[in-house]
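Analysis of the macromolecular model
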Amino acid sequence: MDTILIKNLTVRNVTGVDSWQRLKSQPVVISVWLYTDITAAGDTDHVTNSIHYGHVTKGITKLAETNTFASLEALAHAVVRLCCVHFGAQRTKVSVEQPKALLHAAASGVQLARAREDFEDDAIVETSGTVSQLGVEDMVFVKDLRLHTIIGVNPWEREEKQIVVVNLTIYPGAKKEGDDDKPSYHLRTLVRTLTRYIETSGFKTLEAFAVAVARVALEKCHVNKIRVRLEKPSAILFADASGMEVTRDQHWLRKVLEEERVAGRAVHAHASLLTNQQSAKDIPPDYDHTSYLAIGTNIGNRVENIYEALERLESQAQCIVTDTSFLYETPPMYYTEQPAFLNAVCKVATKLAPQDLLKALKDIEATMGRKESFRNAPRPIDLDILFYDNLVMETETLTIPHASIQEREFVLYPLCDVAKGVEHPRLYKTCGQLLSQLLKVKAESDQGIAKIDKVVPLRKDLQKWAKQTYIMGILNTTPDSFSDGGSYVDVDAACKAAKAMADQGADLIDIGGMSTRPGADDTFDEAEEIRRVVPVIEQLRAQGFDLPISIDTFRASVAEAALAAGADMINDISGGTRDPRMLEVMARAKVPVCLMHMRGDAKTMMSKENTTYADNDVLTVVAQDLYAIMQRAIDAGVARWNIILDPGLGFAKTAAQDFVLLRHLDQLVAEDALLEGFPLLMGPSRKKFIGKTTGVDNPDQRSYGTAAAVAASIAGKANILRVHDVRPMWEVARIADAVWRPQDDAEKSQ
């Protein structure tokens, strides 16, 4: 088949937005290959026997400059149809690119090919190319994206960033059975995501660099197949560049993930507890839509309102709640003369169509007492659809995505907890990018960034995580704890100690009836553990003791008995893995829970097997394990806002590993980390790693070492410190807070 070519035809067109996201006319460069038989024209030398490239050029120019297109893909489809249907080409390939589409790239564009048989109906504008099978060759590309990063093995290359030139080719039609079925990111979002990754990376080899970039595109941006070419222009003095090109697809990613999973199981003794656990909620096959819903309340018992709304979503709205955000107390917006709101976001699976879901949400609002009033008035509950699958729709009663997502901090904060990487299908930014952009705009505005507090409902109040570091006093009613065993087995003595800790500044008390020191017996009868803790809790409450009480146990029956007696929180050293009923109890109780990382039990946790971590990287493995533990809790119905995480100092960790965790603690919950945003509880008090380092054998005399560990924990973003010596550690916390958590900064952030 012969080819007629039109190369680099430049037209003016409004095709989406420019690099500054303005809807303006901009240059578009079009190249077209028309496949046809030119034999007749070649024999007769008459252009009328061929496709006249001059006519084609005029047709494409008129099409492009007299129409507005939502995307380059839409323009490319229109050009292909024009060439195949109007001009009669048997097959057409078109490349459409915008030189000014991206700030740091020479151009971005699309290339696609279709045949005449793909347009069985002349009215068809866009076709997937399945008839001709040419659709699998469609590609989206980015040319010469110039970024700065650390790359190279030489010492001087490790000191200064250099330019790398990135060329990307994405194959959206290369989808195979078993591939990720999530919609891939829009090109702008993909480039933003890869740019951020590349400019904060520091690879030594182009090989590892290229593979890592491809993996981010596949795993985080959900592309089906990608070719990545990286070039270092400054690498070779007498050459333009050195480079590397790799092509990877979802099949490769699945293979890599499976290899990592298998390797992880071999290393982590407790991995089977995590990977083999079934989700507590079975989602029927017809609940095949995913929606993100905003929940707000500022009248009545706000916490109970939110829980009731979640329950009604499942009982009367044909939804299954699969995830929840953290909880935020936010100032009212628009109409400001009203109480503060409590805001959250939940992710649901539903069988309802969008309009039916909206009606169900309105019915819940009415059932819970919301009445017709002026716009943005106070309300006991407010339920809004933020996203519904990847749908874009607009009717008189419903707009999806929600029209005001991008202007509301009180929506974006909780939305980012559960959907930070989800792309807004109309704005082509992830939720995380929308929040980052909004905060920059608000910081420059007259009103500034709103004061939004991440909170946890604890006992009768909302505790603000940014306000201070909270001190948890340890009360062991055991005969054999490593430090204070036998001191508080008497109920009166235990109550007296709890009150003394309250007077010394404790914010909550952690009561435990089982020693979990290395070598302790943690298999004795549950009734004995209940006998040790419940009378203390009951007597404290009977005497008017009003501080929150945490029950330190991994047994569900003990937790239930303690909560019934007046406890307000569950502190489980096993992270809910040792008792199969524990997560169910946690979810049903709707109280804060601390999930700790450990391996084995009290007798085995310090074995060589349990203190050996993959690649000698205790920080990464603990983060991955805690993420799996947290995810199991959420799957079981525990609200994200009730989850506190503890990396487990001294539990299946050597002294050196404890110090690694302390040294890099903030990385566990840093931006874009697996555990981003989760509050941390740390329990360094009188631990063995302190004694080993200081030479102080008697745990009761390790207060100075504990003080240093407490300060290090606060520097690492810990939110709760579990300690024996309340008053001294309270004073340490106040000074450390003044250094690392000053209130003027806390009021500006989470």
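Computed from a predicted structure; not experimentally measured.

Let's talk about the overall build of the chain
Counting its secondary structure elements, the chain contains 22 helices and 27 strands. Its C-alpha atoms give the chain a radius of gyration of 30 Å, within 12% of the compact-globule value 27 Å for 750 residues. Viewed in the frame of its principal axes, the chain has a C-alpha envelope of about 110 × 70 × 50 Å. In the chain, buried positions account for 53% of the 750 residues. Surface summary for the chain: the accessible area is close to 33,700 Å², and the carbon and sulfur share equals 51%. Of note, the chain has its 86 positive side-chain charges centred 2 Å away from the centre of its 102 negative side-chain charges.

Re the packing of helix 4 (residues 187-199) against helix 5 (residues 206-219)
Look at helix 4 against helix 5: their axes get within 10 Å of each other, and the N-to-C directions meet at 145 degrees. The handedness of the crossing between helix 4 and helix 5 is right-handed. Between helix 4, through Thr193, Leu194, Tyr197 and Ile198, and helix 5, the contact on the second element is made entirely by Phe209, Ala212, Val213, Val216 and Ala217. Looking at side-chain class alone, the contact of helix 4 with helix 5 contains eight nonpolar, one polar and no charged residues.

Quick word on helix 11 (residues 431-444)
With 14 residues, helix 11 ought to run about 20 Å at 1.5 Å a step, and its terminal C-alpha atoms sit 20 Å apart, in line with that. Within helix 11, the full set of buried residues consists of Cys431, Gly432, Gln433, Leu434, Leu435, Leu438 and Lys442. Where the residues of helix 11 are buried, they touch helix 4, strand 15 (382-388) and helix 10 (409-419).

With respect to unusual backbone geometry
Cis rather than trans, the peptide bond between isoleucine 400 and proline 401 has omega equal to -5 degrees. When you line up the elements, proline 401 lands in the loop between strand 17 (399-400) and helix 10. Its identity is not glycine, yet aspartate 45 carries a phi of approximately 60 degrees, on the positive side. Residue placement: aspartate 45 occurs in the loop between helix 1 (39-44) and helix 2 (53-65). A positive phi is found at asparagine 616, a non-glycine position, where the angle reads about 55 degrees. Within the fold, asparagine 616 resides in the loop between strand 24 (593-596) and helix 16 (618-635). Judged by relative accessible area, which is 68%, asparagine 616 ranks as exposed.

As for the state of the cysteines
One pass over the structure, following the stated rule, counts zero disulfides. For the unlinked cysteine cysteine 83, the closest cysteine sulfur is that of cysteine 84, found at 6.8 Å. With a relative accessible area of 0%, cysteine 83 lands in the buried category. Judged by relative accessible area, cysteine 84 falls into the buried class, the value being 0%.

Things to note about the packing of aromatic side chains
What the rule picks out here adds up to nine aromatic pairs. Between the aromatic rings of tyrosine 328 and tyrosine 413, the centroid separation amounts to 5.9 Å while the plane-to-plane angle is 25 degrees, which identifies the pairing as stacked. With tyrosine 328 in strand 13 (residues 327-330) and tyrosine 413 in helix 10, this pair connects stretches of sequence that are 85 residues apart. The pair tyrosine 328 / tyrosine 413 is uniform in exposure class, with both members buried. Taking 5.2 Å as the distance between ring centres and 90 degrees as the angle between the ring planes, the aromatic pair formed by phenylalanine 659 and phenylalanine 689 counts as edge-to-face.

Let's talk about the environment of alanine 40
By secondary structure assignment, the location of alanine 40 is in helix 1. Taking the C-alpha atoms as reference points, alanine 40 and arginine 312, 272 residues apart in sequence, are found 73 Å from one another. Dropping the residues within four chain positions of it, alanine 40 is found in contact with Asp45 and Asn49.

Considerations on helix 9 (residues 354-367)
For helix 9, which comprises 14 residues, the first-to-last C-alpha distance of 20 Å matches the rise-based estimate of 20 Å (1.5 Å per residue) to within 8%. Considered for burial, the residues of helix 9 that qualify are Pro354, Leu357, Leu358, Ala360, Leu361, Ile364 and Glu365. Seen end-on, helix 9 carries its buried residues on one side only, within an arc spanning 160 degrees. Backbone geometry just after helix 9 places glycine 369 at a positive phi near 100 degrees.

Re the side chain of aspartate 625
Within the element layout of this structure, aspartate 625 appears in helix 16. Here aspartate 625 sits buried without a salt bridge, and the closest side chain of opposite charge, arginine 599, lies 4.4 Å off (N-O distance). A polar side-chain atom of aspartate 625 sits 3.1 Å from a polar atom in the side chain of histidine 597.

Quick word on the environment of valine 669
Locating valine 669 in the fold gives a position in the loop between helix 18 (665-668) and strand 26 (681-682). Valine 669 sits 48 residues away from lysine 717 along the chain, and the two C-alpha atoms are 8.1 Å apart. Once residues lying within four places of it in the same chain are set aside, the contact partners of valine 669 are Leu675, Glu676, Gly677, Phe678, Leu680 and Lys717.

Topic: the packing of helix 20 (residues 703-715) against helix 21 (residues 726-740)
The angle between the axes and the distance between the axes are what describe a pair of packed helices. Put simply, helix 20 and helix 21 touch, their axes get as near as 9 Å, and they point 30 degrees apart. Overall, the two elements helix 20 and helix 21 adopt an arrangement that is roughly parallel. Handedness of the helix 20/helix 21 crossing: right-handed. Every residue of helix 21 that contacts helix 20 at Ser703, Thr706, Ala707, Val710, Ala711, Ile714 and Ala715 is listed here: Met729, Val732, Ala733, Ala736, Asp737 and Trp740. Its residues assigned to classes, the contact of helix 20 with helix 21 comprises 10 nonpolar, two polar and one charged.

Observations concerning the pairing of strand 23 (residues 569-572)
Successive side chains on a regular strand alternate, one facing one side of the sheet and the next facing the other. Neither face of strand 23 is exposed, since Met569 and Asn571 on one face and Ile570 and Asp572 on the opposite face are all buried. With three bridges joining them, strand 22 (residues 549-552) and strand 23 adopt parallel strand pairing. Pairing of serine 550 across the sheet is with methionine 569, part of strand 23. Once the chain exits strand 22 it traverses helix 14 (residues 556-565) before rejoining the sheet at strand 23, and the crossover so formed is right-handed. Handedness of the crossover is the feature at issue here: the chain leaves strand 23, passes through helix 15 (residues 582-589), returns alongside strand 24, and the resulting connection is right-handed.

Definitions and limits used
- Residues numbered from 1 in each chain as written.
- Predicted model: local features only at pLDDT ≥ 70, side-chain atom pairs only at ≥ 80, totals over all residues.
- Heavy atoms only, no water.
- Helix = DSSP H or I, 4+ residues; strand = E, 2+ residues; numbered from the N terminus.
- Rg over C-alpha atoms; globule rule 2.2 N^0.38 Å.
- Buried < 20%, exposed > 50% of the residue type's maximum accessible area, 1.4 Å probe, protein only.
- Areas by Shrake-Rupley, 256 points an atom, 1.4 Å probe, with all protein chains shown as cover.
- Lys, Arg positive; Asp, Glu negative; His and termini not counted.
- Charge placed at Lys NZ, Arg CZ, Asp CG, Glu CD.
- Axes fitted to C-alpha atoms, helices over the stretch in contact; angles between N-to-C directions.
- Left-handed = near helix turned anticlockwise from the far one by under 90°.
- Contact = heavy atoms within 4.5 Å.
- Nonpolar A, V, L, I, M, F, W, Y, C, P; charged D, E, K, R; others polar.
- Expected span 1.5 Å × (residues − 1).
- Disulfide = S-S within 2.5 Å.
- Phe/Tyr/Trp six-rings, centres within 6.5 Å; stacked < 30°, edge-to-face > 60°.
- Arc of directions from axis to C-beta.
- Salt bridge = Lys/Arg side-chain N within 4 Å of Asp/Glu carboxyl O.
- Polar contact = N/O pair within 3.5 Å; in protein donor to acceptor, adjacent residues only side chain to side chain.
- Parallel < 35°, antiparallel > 145°, perpendicular 65-115°, else oblique.
- Pairing = 2+ DSSP bridges.
- Right-handed = clockwise from strand over helix to strand, strands pointing away.

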